[in-house]
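Working through the structure, step by step
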Protein chains: 2
Amino acid sequence: MKAKIITITREFGSGGRTVGKLTAQKLGYDFYDWNLVTEIAKESGFAQSFVEENLEDAQNYVPWLFNMQSIGSDLSDQLFAAQRRVILELAEKGNCVIVGRCADYILRNRSDVLNCFIYAQEEAKKKRIVHEYGETEVKIDKRLKDKDRKRKAHYEYYTSRKWGKAFYYDICLDSGRLGIENCVQAIIGMAENFPGIPRENED
Amino acid sequence: MKAKIITITREFGSGGRTVGKLTAQKLGYDFYDWNLVTEIAKESGFAQSFVEENLEDAQNYVPWLFNMQSIGSDLSDQLFAAQRRVILELAEKGNCVIVGRCADYILRNRSDVLNCFIYAQEEAKKKRIVHEYGETEVKIDKRLKDKDRKRKAHYEYYTSRKWGKAFYYDICLDSGRLGIENCVQAIIGMAENFPGIPRENED
């Protein structure tokens, strides 16, 4: 069979989004990442600008600031619930690549999903950020650290999984060591010959 | 360039050894795993039977039993040192696949090494162990747990790395979800188009 859905979890600066986009283009699949904001806004009833400000990177996702009494946490949970519904619906349509958004976890019970994790070593990520986002070298350490800390905290809070642990993914690739094109090729190869064995229950 | 050396770190029951062996056959590379015992015995001066009993699975590798005063720890360190010298020498010859033996860590400063981690989910590993090693289902849980606990403890003690963390490998593959053949294909694809960018210094 063919994997109908490919999820990409990625470190900031690893080029995981680019890997996902090229994979989608080559397979003729739909591509979703930040563009899901519009759908999540519709589904949650929140304004798009609110969703943009509060999705994933919001401080209230960071567990050490998390407080059951805070409105922040309720909003976060509502956003996550809306995101979950949007992703489950997209999966029904199939033939798509989804970057981030805990899609790997949300779709863990489907057998037609290939889950990928893309990462890279520090210097490779820094180079990429400077090149892609025009960041200055000075601020780069803090930005890398902040972004990944928030991404990790959000992911671990909503999935109870450990960020960066190979076990949760079908394939993990160091894009810095292997190059973007090799990563795309490997994912396409796997997607085209995917055995479709379901993940074992982790709940 | 082509990756001259492929290291395979693997969970017990994941079929990582088979992945390594098939990869070596297809690339025409030498294959090393348990057969390194003879070389390590020669290099260390210990008897082959002693090396067989004390390599990797020995209790004295388990950190919570580790004691600087114990002879056990000295022997373990001597064995690891001999293993290290043997692997560094093999790497000079190149064109080989090395399974286990912390080869990924020992060769971390070479740019021609492709590092792979092979794992699988619990039920997939159990099925494989029953099928490959003729183990009874009854003892399987304990055997899986023991083997991986020792392998992990040995690896973490000698490398200061975290077992199963994607970051330390170029490519990580769930052999249960993807199938052995897909894993072999992905590794060969990477080995043949390996950019040869050195790993960043982690010492």
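For the structure, see preceding data.
Figured I'd write up the structure that's included with this text. (Residues numbered from 1 in each chain as written. Chains lettered and ligands numbered in written order. Predicted model: local features only at pLDDT ≥ 70, side-chain atom pairs only at ≥ 80, totals over all residues. Heavy atoms only, no water.)

Here we look at the pairing of strand S1 (residues 5-10) of chain A
Residues and elements named next belong to chain A. Counting buried positions along S1 yields six of six residues, so the element is predominantly enclosed. Here S1 shows no split at all, with Ile 5, Thr 7 and Thr 9 on one side and Ile 6, Ile 8 and Arg 10 on the other all buried. Bridging between S1 and strand S3 (residues 96-99) involves four bridges; their strand directions are parallel. In the sheet register, Ile 6 faces S3, and the bridge partner there is Val 97. Bridging between S1 and strand S4 (residues 113-119) involves six bridges; their strand directions are parallel. Paired with Ile 8 across the strands is Cys 116, a residue of S4. (Buried < 20%, exposed > 50% of the residue type's maximum accessible area, 1.4 Å probe, protein only. Helix = DSSP H or I, 4+ residues; strand = E, 2+ residues; numbered from the N terminus. Pairing = 2+ DSSP bridges.)

What about the nonpolar core?
In this structure, Ile 98 and Cys 172 of chain A together with Ile 98 and Cys 172 of chain B are the most contacted members of the largest nonpolar core, which totals 62 residues. Apart from the residues within four sequence positions on either side, Ile 98 of chain A is in contact with Ile 5, Ile 6, Thr 7, Ile 8, Tyr 32, Leu 36, Ile 87, Ala 103 and Leu 107 of chain A. Of all hydrophobic cores here, the second largest spans 50 residues; its members include Tyr 29, Phe 31 and Ile 188 of chain A together with Leu 114 of chain B. (Core = buried A, V, L, I, M, F, W, Y, C linked by side-chain atoms within 4.5 Å. Contact = heavy atoms within 4.5 Å.)

Overview of the packing of aromatic side chains
Overall, the coordinates contain 16 aromatic pairs over all chains when judged by the stated rule. Ring centres of Phe 46 of chain A and Phe 50 of chain A lie 4.8 Å apart, and the angle between their planes is 40°; this geometry places the pair in the tilted category. When the ring centre of Phe 12 of chain B is taken as origin, the NZ or CZ atom of Lys 147 of chain B, which lies over that ring, is 5.2 Å away. One cation-aromatic arrangement involves Arg 199 of chain B over Phe 167 of chain B; the distance from NZ or CZ to the ring centre is 5.7 Å. (Phe/Tyr/Trp six-rings, centres within 6.5 Å; stacked < 30°, edge-to-face > 60°. Lys NZ or Arg CZ within 6 Å of the ring centre and 35° of its normal.)

Quick notes on the side chain of Thr 7 of chain B
Residue and element names in this part refer to chain B. Relative to the helices and strands, Thr 7 resides in strand S1 (residues 5-10). Thr 7 gets classed as buried once you look at its relative accessible area, which sits at 1%. Looking at Thr 7, its side chain comes within polar contact range of the side chain of Asn 115, at 2.7 Å. Thr 7 has contacts with Ile 98, Ala 103, Asp 104, Leu 107, Val 113, Leu 114, Asn 115 and Cys 116, leaving out every residue within four places of it along the chain. (Polar contact = N/O pair within 3.5 Å; in protein donor to acceptor, adjacent residues only side chain to side chain.)

Observations concerning the environment of Tyr 155 of chain B
All names here are of chain B. Mapped onto the fold, Tyr 155 is located in helix H7 (residues 137-159). For Tyr 155, a relative accessible area of 3% translates into the label buried. In this structure, the C-alpha to C-alpha distance between Tyr 155 and Cys 102, residues 53 residues apart in sequence, is 6.3 Å. With residues near it in sequence (within four places) discarded, Tyr 155 still touches Thr 9, Cys 102, Asp 104, Ser 160, Arg 161, Trp 163 and Tyr 169. Polar side-chain contacts of Tyr 155 include one of 2.4 Å to the side chain of Asp 104.

Some words on the interface of chain B and chain A
At the junction of the two partners, chain B supplies 37 residues and chain A supplies 36 residues. Summing the contributions of chain B and of chain A, the shared interface buries around 2800 Å²; its carbon and sulfur component is 52%. Taken as a group, Gln 121, Arg 177 and Glu 200 of chain B account for 28% of the area that chain B buries against chain A, more than any other trio of residues on that side. At the boundary of chain B with chain A, the tally comes to two salt bridges. Salt-bridge contacts for Asp 170 of chain B lead to Arg 177 of chain A; the nearest nitrogen and oxygen are separated by 2.7 Å. Summed over the shared surface of chain B and chain A, the number is 25 residue pairs in polar contact (both at pLDDT 80 or more). Breaking the side of chain B that touches chain A down by element, the ones donating at least two residues are strand S4 (113-119), helix H6 (122-133), strand S5 (171-174), helix H8 (175-178) and helix H9 (180-192) of chain B. The element contributing the most residues to the side of chain B that touches chain A is S4 of chain B, with five residues. Among the residues making up the side of chain B that touches chain A, the classes are represented as 20 nonpolar, eight polar and nine charged. Across three bridges, strand S5 (residues 171-174) of chain A lies against S5 of chain B in antiparallel orientation. The partner of Ile 171 of chain A across the bridge, within S5 of chain B, is Leu 173 of chain B. (Buried area = accessible area lost by both parts, 1.4 Å probe. Salt bridge = Lys/Arg side-chain N within 4 Å of Asp/Glu carboxyl O. Nonpolar A, V, L, I, M, F, W, Y, C, P; charged D, E, K, R; others polar.)

Description of the relation of the copies chain B and chain A
Mapping chain B onto chain A calls for a screw motion: a turn of 180° about the axis and a shift of 0.0 Å along it, with 0.0 Å RMSD after fitting. Taken together, the turn and the small shift mark the pair as related by a two-fold rotation axis. Same-surface contact between copies: 97% of interface residues of chain B are shared with the interface of chain A. (Least-squares fit on C-alpha atoms with pLDDT ≥ 70 in both.)

Re the sheet that holds strand S2 (residues 30-32) of chain B
The strands that make up a sheet are held in pairs by hydrogen bonds between backbone atoms, and each pair lies either parallel or antiparallel. The 10 strands lie next to each other as S2(A)-S3(A)-S1(A)-S4(A)-S5(A)-S5(B)-S4(B)-S1(B)-S3(B)-S2(B), forming an open sheet whose pairing is mixed. Of all the strands in the sheet, the pair left with one neighbour each is strand S2 (30-32) of chain A together with S2 of chain B. Averaged over neighbouring strand pairs, the angle between their axes works out to 15° when direction is ignored. Taken strand by strand, helix H1 (residues 16-27) of chain A contacts S1, S2, S3 and S4 of chain A, and its axis lies near 165° from that of S1 of chain A. (Axes fitted to C-alpha atoms, helices over the stretch in contact; angles between N-to-C directions.)

Examining the environment of Val 86 of chain B
Structurally, the position occupied by Val 86 of chain B is in helix H4 (residues 71-93). Beyond its immediate chain neighbours, meaning those up to four positions away, Val 86 of chain B contacts Leu 36, Glu 39, Ile 40 and Glu 43 of chain B.

Brief notes about helix H2 (residues 36-44) of chain A
All names here are of chain A. Residues Leu 36, Val 37, Ile 40 and Ala 41 constitute the buried set of H2. Projection of H2 onto a plane perpendicular to its axis shows the buried side chains occupying an angular sector of 140°, all on one side. A positive backbone phi angle near 85° is found at Gly 45, which sits one or two residues after H2. (Arc of directions from axis to C-beta.)

Honestly, that's just the spatial picture; any functional story needs more than this.
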